[in-house]
Amino acid sequence: MKSRQKKPKLSERPMFETVTSVLYPLLFGAVIFVLWETELLHRMIGTTESILPTPSHIADIIANNPSKLFGNLMMTMLPTLIGLALGSLLGYGVAVLAAMFGRWGAGGLTIVSCFNAIPIVALAPVFNNLIKTVTSDITIRGLTAKVLVIIVMCMSSMSINAYRGLTQLQPFGEDLMATYGADRKTVFLMLRLPNSLPYIFTALKVSLPLSVISSLVSEYFIDTVEGSQSRPGLGRMIRSNILNAQYATAWAYITFACALGVALYIVLMLISKRVLKNRGK
Amino acid sequence: MNMKKFTRLTCLAAAAALSVSASLVSCGDSSTEYYTASQSHSEIIKDAAGKGKVGNWGLGNEYEIQALLAKYNLPTSYLSQAFDMDGFDSDEILLASAMTYNELGLVINDYEGGYGYGNKVSTIDMNDEGVAMLEDNIFCTKEFAKENPNTVKAFVAASLKGWKYACEHPEEAAQMVYEAGSSVSADHQKFMASEVAKLVTTDTKGQKVTNYGNIDREAMQQTLDLAKKYIKLDDSAASARLASMTLDEICDDSFLTGAIGEPEKTSVKIQLKWLPQSQFMGYYVAAAKGYYDEVGLSVEIVSGGGDIGETTAVSNGTVDFGVTWVSNLIAANAGGMELLEVAQIYQRSGLVLVYKLAQ
């Protein structure tokens with residue numbers, strides 16, 4: 001006797017869903033791209049190529065100055081990663097403290113999360129001026145100021161998420177540990193820490209793009225050496241090219257800034273997939 | 001042996017450096033080395049550049065400073081300077097960029113927002129150094145100039161009448177600007193008006209200028225030549241356009257003279273390069289004294305500030321006229337815009353490098 005399953009409707013097949021969720025956006029993107037490249041888009045929105053440069057013009061600039069653009073990219077990426085790492089570590093530390101001292105921990109976290117509400121445009125000049133006396137090396141000073149801004153921006157998302165991971169344990173997990181007679185240290189290492197792992201990645205997914213943005217925006221306000229041999233970050237280059245009405249070049253830097261954010265995010269997703277591979281089984 | 005030689009050389013170099021710097025050290029108790037009035041500009045510039053303490057705002061304002069550094073065979077890098085003079089005040093910048101009418105006034109004077117240095121500072125003038133680039137002008141798009149020649153002529157004539165009155169009565173002009181919505185104090189506004197009047201009525205060689213708005217081709221050519229040298233563009237198409245640019249592609253003095261017919265467009269806007277201040281007093285005076293009404297124009301003055309791009313605003317038609325520096329117009333045209341200067345308001349560079357004098 002045949003017990004063949006009823007064939008699902010076309011629109012319910014997984015293949016079809018892939019087509020609609022991937023192909024349609026791609027198609028839409030392609031249409032915009034063609035309109036943009038052929039400058040039909042310019043006619044539709046009433047602008048000129050000098051203000052909205054075509055993709056091929058932007059690609060040309062990238063192809064002609066790869067080493068220069070990568071140099072600028074490094075000046076943005078380096079503080080982004082350092083700031084993200086330090087800020088997240090600090091945030092995790094705060095979460096551990098908050099989890100250890102339960103009574104005032106949650107309240108303390110609320111205060112930490114207030115830092116997140118300070119806009120980058122306010123923080124960047126403050127840190128820039130704050131460390132003026134620390135070193136006279138402008139490059140190091142600029143990097144340090146950027147790192148400090150990113151640390152503040154990243155700290156709260158990590159501390160709040162990690163706190164959740166450290167405290168919202170599996171039901172009876174703590175009871176089980178108690179029956180083992182485990183001390184606080186063991187509970188922390190064997191139960192709380194592993195439990196917080198997915199939350200760490202949740203926090204990083206939020207704070208990674210945030211730290212890229214913080215790095216770019218703080219470059220608007222931070223001291224740099226400009227001219228012959230220097231390498232300002234991508235944010236500074238975007239600003240100066242826009243002010244100089246070099247929109248195509250500004251777009252080349254914007255492209256690099258986007259690529260930086262996307263690439264770092266992909267790397268994070270890959271790491272997260274690998275680390276969290278065997279969880280929930 | 002080599003090592004010994006090296007050490008001896010280093011010691012010698014260090015001793016030489018010490019003696020040089022010792023000669024620069026002020027006799028005062030301050031630990032920073034200020035300069036003396038007897039030192040040559042060349043000596044001062046070389047010392048400050050060697051220490052990496054020459055400041056400029058960058059973002060398109062840096063070309064004269066780079067030309068000056070190059071003149072003394074120095075690398076053309078500089079320290080980014082904020083839009084205040086705190087960096088100069090705290091000695092982080094030894095040679096700070098300043099506009100004679102704005103930042104220099106704040107450094108010297110002790111009115112609100114001033115640093116009160118009085119005669120304890122001195123300046124290096126870009127005009128005297130032969131690296132002057134022309135600044136505030138009036139421009140529009142080539143298309144607008146072609147389609148509305150009478151509007152352009154009428155606007156330029158009325159504006160220049162405003163500038164003439166403003167330069168002859170700077171205090172009154174400053175008051176008009178202040179009343180029109182000033183961004184700075186009335187005292188600073190007055191100082192600015194008197195300094196701006198000097199820039200409008202004196203050329204790069206120090207000669208008196210009576211024909212307001214005149215496009216001095218020699219000074220314009222120097223501006224274009226320096227722009228070609230120091231505007232660095234990553235866009236190969238733009239940099240090719242810059243390299244082959246001629247004066248006729250950026251300015252046209254035919255709108256300064258001749259009979260003015262009926263304006264084609266009677267309601268126009270002008271985009272300033274910065275916030276309302278005496279830097280733009282001519283337009284405020286022309287509006288307040290009704291000079292624009294006389295030529296049949298209704299003019300809206302749009303103030304700038306922050307990251308407003310006056311070249312972009314004019315190019316995309318948000319406004320009809322704009323005030324910008326010639327170097328910014330050159331860069332914008334290299335980037336593909338079609339802008340045209342129709343009058344040159346400032347006849348000499350207002351940029352100086354200011355330094356503290358040892359007391």
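Model, not experiment: these values are computed from the prediction.

Enquirer: Sorry if this is basic, but what is going on with the overall build of chain A here?
Expert: Across its full length, chain A carries eleven helices and one strand. If you list the helices and strands of chain A from N to C, you get α-α-α-α-α-α-α-α-α-β-α-α. In terms of overall dimensions, chain A is more spread out than a globule: its C-alpha atoms have a radius of gyration of 24 Å, far above the 19 Å expected for 281 residues. Each of the three principal axes of chain A carries a C-alpha extent, and together these read 80 × 70 × 30 Å. Residue burial in chain A is summarised as follows: out of 281 residues, 41% are buried. Taking contacts inside chain A between residues at least 6 apart in sequence as the whole, the part at least 24 apart equals 74%. About 16000 Å² of surface is accessible on chain A, with carbon and sulfur atoms providing 69% of the total. Counting 25 positive and 13 negative side-chain charges, chain A places the averaged centre of each group 11 Å from the other.

Enquirer: Is there a simple way to explain the packing of helix H8 (residues 170-179) of chain B against helix H9 (residues 186-201) of chain B in this structure?
Expert: The angle between the axes and the distance between the axes are what describe a pair of packed helices. All names here are of chain B. Look at H8 against H9: their axes get within 8 Å of each other, and the N-to-C directions meet at 130°. As judged from the angle between their axes, H8 and H9 are oblique. H8 and H9 meet at a crossing whose hand is right-handed. Together, Pro-170, Glu-171, Ala-174, Val-177 and Tyr-178 of H8 and Ala-186, Gln-189, Lys-190, Ala-193 and Ser-194 of H9 make up the contact between the two elements.

Enquirer: What is the right way to read the packing of helix H4 (residues 66-100) of chain A against helix H7 (residues 138-167) of chain A from this model?
Expert: Residue and element names in this part refer to chain A. Interhelical geometry of H4 versus H7 gives an angle of 35° and a closest axis separation of 5 Å. Helix-helix and strand crossings are classified by hand; for H4 and H7 the assignment is right-handed. The class makeup of the residues in the contact of H4 with H7 is 22 nonpolar, nine polar and one charged.

Enquirer: Explain the interface of chain B and chain A to me, please; I cannot follow it from the model alone.
Expert: Interfaces are often described in size by the accessible area the parts lose on coming together. Across the boundary between the two partners, chain B contributes 30 residues, which contact 29 residues of chain A. Together chain B and chain A conceal approximately 2400 Å² of surface at their shared face, both sides included; 47% is due to carbon and sulfur atoms. Run the count over chain B and chain A and you get two salt bridges. As a salt-bridge pair, Asp234(B) and Lys68(A) come within 3.0 Å of each other at their nearest N and O atoms. Applying the counting rule to chain B against chain A returns ten residue pairs in polar contact (both at pLDDT 80 or more). When strand S1 (residues 225-226) of chain A meets strand S2 (residues 78-80) of chain B, the two strands line up antiparallel, connected through two bridges. Bridge pairing links Val225(A) to Leu79(B) in S2(B).

Enquirer: Help me out: how do you make sense of the sheet that holds S2(B) in this one?
Expert: The pairing of strands in a sheet comes from backbone hydrogen bonds and takes either a parallel or an antiparallel form. Sheet architecture is open: six strands sit in the order S1(A)-S2(B)-S1(B)-S3(B)-S10(B)-S4(B), paired in mixed fashion. Where the open sheet ends on each side, the last strands, each with one partner, are S1 of chain A together with strand S4 (121-125) of chain B. Sheet strands in contact with helix H3 (residues 63-71) of chain B are strand S1 (54-56), S2, strand S3 (95-99) and strand S10 (351-356) of chain B, and its direction is about 65° off that of S10(B).

Enquirer: Even after reading the chapter, I still don't get the domain arrangement of chain B, so can you show me in this structure?
Expert: Residue and element names in this part refer to chain B. Parsing chain B into structural domains produces domain 1 (2-129) and domain 2 (137-349). One C-alpha centre belongs to domain 1, the other to domain 2; they are set 31 Å apart. Each partner contributes to the interface: domain 1 provides 20 residues, whereas domain 2 provides 20 residues. For the pair domain 1 and domain 2, the summed buried area comes to about 1900 Å², and 59% of that belongs to carbon and sulfur atoms. Counting the surface domain 1 buries against domain 2, the share from its top three residues, Tyr-63, Tyr-101 and Asn-127, is 39%. Along the contact surface separating domain 1 from domain 2 lie one salt bridge.

Enquirer: Help me understand unusual backbone geometry, please; the structure alone is not making it clear to me.
Expert: Trans peptide bonds make up the majority, and among non-glycine residues the majority have a negative phi. Residues and elements named next belong to chain A. The backbone of Glu-39 sits at a positive phi, close to 65°, despite the residue not being glycine. When you line up the elements, Glu-39 lands in the loop between helix H1 (14-37) and helix H2 (40-45). Given the relative accessible area of 35%, Glu-39 is considered partly exposed.

Enquirer: Looking at this structure, I do not really get the environment of Asn127(B). What am I missing?
Expert: All names here are of chain B. Its place among the elements puts Asn-127 in the loop between S4 and strand S5 (137-141). Taking the relative accessible area as the measure of exposure, Asn-127 reaches 7% and is therefore buried. Taking the C-alpha atoms as reference, Asn-127 lies 25 Å from Asp-89; in sequence the two are 38 residues apart. The residues contacting Asn-127, other than those within four sequence positions of it, are Ala-132, Thr-204, Arg-348 and Ser-349. Polar contacts involving the side chain of Asn-127 include one to the main-chain carbonyl oxygen of Ser-349, which spans 2.8 Å.

Enquirer: Explain the pairing of S3(B) to me, please; I cannot follow it from the model alone.
Expert: The two faces of a sheet get side chains in turn, since along a regular strand they alternate between them. Residues and elements named next belong to chain B. Of all the five residues making up S3, five are buried; the element is thus mostly covered by neighbouring parts of the structure. Burial along S3 is two-sided: Leu-95, Ser-97 and Met-99 facing one way and Ala-96 and Ala-98 facing the other are all buried. In this sheet, S3 lies alongside S1 in parallel orientation, the contact comprising two bridges. Residue pairing across strands places Val-54 opposite Leu-95, the latter belonging to S3. Judged from the four bridges that link them, S3 and S10 form a sheet pairing that is antiparallel. Pairing of Ala-96 across the sheet is with Val-354, part of S10.

Enquirer: Quick question: what am I supposed to make of the nonpolar core here?
Expert: It is characteristic of soluble globular proteins that their nonpolar side chains tend to be buried jointly. Residues and elements named next belong to chain B. Core analysis: the biggest nonpolar cluster contains 102 residues, and Trp-163, Met-281 and Tyr-283 have the highest contact counts within it. The greatest single-element share of this core, amounting to ten residues, is contributed by helix H7 (residues 149-168). Both domain 1 (2-129) and domain 2 (137-349) contribute no fewer than three residues apiece to this core. For Trp-163, the contacting residues outside a window of four places in its chain are Val-196, Val-200, Tyr-212, Ser-278, Gln-279, Phe-280, Met-281, Gly-282, Tyr-283, Ile-345 and Tyr-346.

Enquirer: Could you clarify how one ought to interpret the pattern of salt bridges in this entry?
Expert: Two side chains carrying opposite charge are able to pair once their charged atoms lie near each other. Residue and element names in this part refer to chain B. Using the criterion set out here, one finds 17 salt bridges over all chains in the structure. One salt bridge connects Lys-265 with Asp-320, and the closest N-O pair in it is separated by 2.6 Å. On the criterion of sequence distance, the pair formed by Lys-265 in the loop between helix H11 (236-243) and strand S6 (267-271) and Asp-320 in the loop between helix H14 (310-315) and strand S8 (321-322) is long-range, its members being 55 residues apart.

Enquirer: Please clarify how the environment of Asn148(B) should be interpreted in this entry.
Expert: All names here are of chain B. Residue placement: Asn-148 occurs in the loop between helix H6 (142-147) and H7. Asn-148 sits in the buried class, given a relative accessible area of 10%. Residues Asn-148 and Lys-265 lie 117 residues apart in sequence; the distance between their C-alpha atoms is 6.7 Å. If we skip the residues at most four places from it in the chain, Asn-148 touches Glu-264 and Lys-265.

Criteria and thresholds
Residues numbered from 1 in each chain as written. Chains lettered and ligands numbered in written order. Predicted model: local features only at pLDDT ≥ 70, side-chain atom pairs only at ≥ 80, totals over all residues. Heavy atoms only, no water. Helix = DSSP H or I, 4+ residues; strand = E, 2+ residues; numbered from the N terminus. Rg over C-alpha atoms; globule rule 2.2 N^0.38 Å. Buried < 20%, exposed > 50% of the residue type's maximum accessible area, 1.4 Å probe, protein only. Contact = heavy atoms within 4.5 Å. Areas by Shrake-Rupley, 256 points an atom, 1.4 Å probe, with all protein chains shown as cover. Lys, Arg positive; Asp, Glu negative; His and termini not counted. Charge placed at Lys NZ, Arg CZ, Asp CG, Glu CD. Axes fitted to C-alpha atoms, helices over the stretch in contact; angles between N-to-C directions. Parallel < 35°, antiparallel > 145°, perpendicular 65-115°, else oblique. Left-handed = near helix turned anticlockwise from the far one by under 90°. Nonpolar A, V, L, I, M, F, W, Y, C, P; charged D, E, K, R; others polar. Buried area = accessible area lost by both parts, 1.4 Å probe. Salt bridge = Lys/Arg side-chain N within 4 Å of Asp/Glu carboxyl O. Polar contact = N/O pair within 3.5 Å; in protein donor to acceptor, adjacent residues only side chain to side chain. Pairing = 2+ DSSP bridges. Domains from an automatic or database assignment. Core = buried A, V, L, I, M, F, W, Y, C linked by side-chain atoms within 4.5 Å.

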